[in-house]
Amino acid sequence: MNVPEYYAYLAASRAQLWDFLRALPPEDLDRDVIGPGDRFHSVKDLLLHVSDVEDHWIHAVARGDGVGVAQRYPHDWVRPQAGQYSLAWIIDYGREIGEMTQRYLGTAPDLSRRVKLVHDDPESDTVTLEQLFWHVMTHEVRHVAQITLLVRQQGHTPPWLDYLRFARPQVTPSAAGTDFADSLDPEDFTAPE
């Protein structure tokens, strides 16, 4: 599996999640369901956080785009308190980031390029761009799992977002052109005498 392929899956599953969340009562998305002390208390807090992380690492750090998309969507990324923003605002922010990321991946960037984690620190650690992408993508998967759990705990059934729902299965050569029913032997289904 490669970064562009997996990111395409995430973008598709993200769109499905957003569509599902649009249909939920707004109060369920704002409900403080995660205990005190955590920075993220609601579904919308987690959604906003996922977008912030991708914007920061891919656009601000790896691409060197200053503060990334966040400058057009001012908010406190440390403690988002996302209840003050509409779901549409959060989705627009996430969509803009996702589109920028897909355009960037479309340029076939050198995924082996070393990226400094802190630009203005000469001693900063580095990772490859590929490692940074995998960090961002696994981060999203973990938080989407939390989001789906939170919605489930509130009595809703979230959509199936697993990879195989979005992957396109390949037909094996031996099965190509063979109808499943044609491969059955009627003798296998006869009643014993």
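Residues numbered from 1 in each chain as written. Predicted model: local features only at pLDDT ≥ 70, side-chain atom pairs only at ≥ 80, totals over all residues. Heavy atoms only, no water.

1. Description of the overall build of the protein
Here is step 1: When its secondary structure is counted, the protein shows 6 helices and 2 strands.
Here is step 2: Listed N to C, the secondary structure of the protein is α-α-α-α-β-β-α-α in terms of helices and strands.
Here is step 3: When burial is assessed residue by residue, the protein has 41% of its 193 residues classed as buried.
Here is step 4: Contacts in the protein between residues far apart in sequence, at least 24 positions, make up 67% of those at least 6 positions apart.
Here is step 5: Within the structure as shown, the protein displays about 11400 Å² of accessible surface, and the carbon and sulfur contribution to it stands at 54%. (Helix = DSSP H or I, 4+ residues; strand = E, 2+ residues; numbered from the N terminus. Buried < 20%, exposed > 50% of the residue type's maximum accessible area, 1.4 Å probe, protein only. Contact = heavy atoms within 4.5 Å. Areas by Shrake-Rupley, 256 points an atom, 1.4 Å probe, with all protein chains shown as cover.)

2. So, the nonpolar core
Here is step 1: Within the largest apolar cluster, 48 residues are counted, with the highest numbers of intra-cluster contacts made by Leu 17, Leu 21, Leu 47 and Phe 133.
Here is step 2: Contributing elements (two or more residues each) for this core: helix H1 (3-22), helix H3 (43-62), helix H4 (87-106) and helix H5 (129-153). (Core = buried A, V, L, I, M, F, W, Y, C linked by side-chain atoms within 4.5 Å.)

3. What about the packing of aromatic side chains?
Here is step 1: Summed over all chains, the structure comprises 10 aromatic pairs.
Here is step 2: Ring centres of Tyr 85 and Trp 89 lie 4.1 Å apart, and the angle between their planes is 15 degrees; on these two criteria the pair is classed as stacked.
Here is step 3: The partly exposed category is assigned to Trp 89, whose relative accessible area is 21%.
Here is step 4: The structure contains a cluster of three or more aromatic residues connected by ring pairs, namely Tyr 6, Tyr 9, Trp 134, Tyr 163 and Phe 166.
Here is step 5: The residue whose ring lies beneath Arg 63 is Tyr 104, and the NZ or CZ to ring-centre distance is 5.6 Å. (Phe/Tyr/Trp six-rings, centres within 6.5 Å; stacked < 30°, edge-to-face > 60°. Lys NZ or Arg CZ within 6 Å of the ring centre and 35° of its normal.)

4. Focus on the pattern of salt bridges
Here is step 1: Here the structure, examined in full by the defined rule, presents 6 salt bridges.
Here is step 2: The salt bridge involving Glu 140 is made with Arg 14; its shortest N-O contact spans 2.8 Å. Taken as a pair, Glu 140 in helix H5 and Arg 14 in helix H1 lie far apart in primary sequence, 126 residues in all. Just as Glu 140 is buried, Arg 14 falls in that class too.
Here is step 3: Salt-bridge contacts for Asp 30 lead to Lys 44; the nearest nitrogen and oxygen are separated by 2.9 Å. (Salt bridge = Lys/Arg side-chain N within 4 Å of Asp/Glu carboxyl O.)

5. A short note on the side chain of Asp 52
Here is step 1: Here Asp 52 lies in helix H3.
Here is step 2: Filtering out sequence-adjacent residues up to four positions away, Asp 52 remains in contact with His 75, Trp 77 and Tyr 93.

6. Some points on H1
Here is step 1: For H1, spanning 20 residues, the distance from its first C-alpha to its last is 28 Å, which sits close to the expected 28 Å at 1.5 Å a residue.
Here is step 2: Along H1, the positions that sit buried rather than exposed are Val 3, Tyr 6, Tyr 7, Tyr 9, Leu 10, Ala 11, Ser 13, Arg 14, Leu 17, Trp 18, Phe 20 and Leu 21.
Here is step 3: Where H1 is buried, its residues touch helix H2 (26-30), H3, H4, H5 and helix H6 (163-166).
Here is step 4: Near the N-terminus of H1, the side chain that reaches the backbone nitrogen of Glu 5, with its oxygen 2.7 Å away, is that of Asn 2. (Expected span 1.5 Å × (residues − 1). Polar contact = N/O pair within 3.5 Å; in protein donor to acceptor, adjacent residues only side chain to side chain.)

7. A look at the side chain of Glu 140
Here is step 1: Given a relative accessible area of 5%, Glu 140 falls into the buried group.
Here is step 2: Those residues in contact with Glu 140 that lie beyond four places of it in its chain are Leu 10, Arg 14, Val 50 and Glu 54.

8. Thoughts on the confidence of the model for the protein
Here is step 1: Looking at the protein as a whole, the pLDDT averages 84, with 83% of positions reaching at least 70.
Here is step 2: Within the model, pLDDT remains below 50 along residues 183-193, and this stretch shows 2 contacts once partners closer than five positions in the same chain are excluded. (pLDDT = per-residue confidence, 0-100.)

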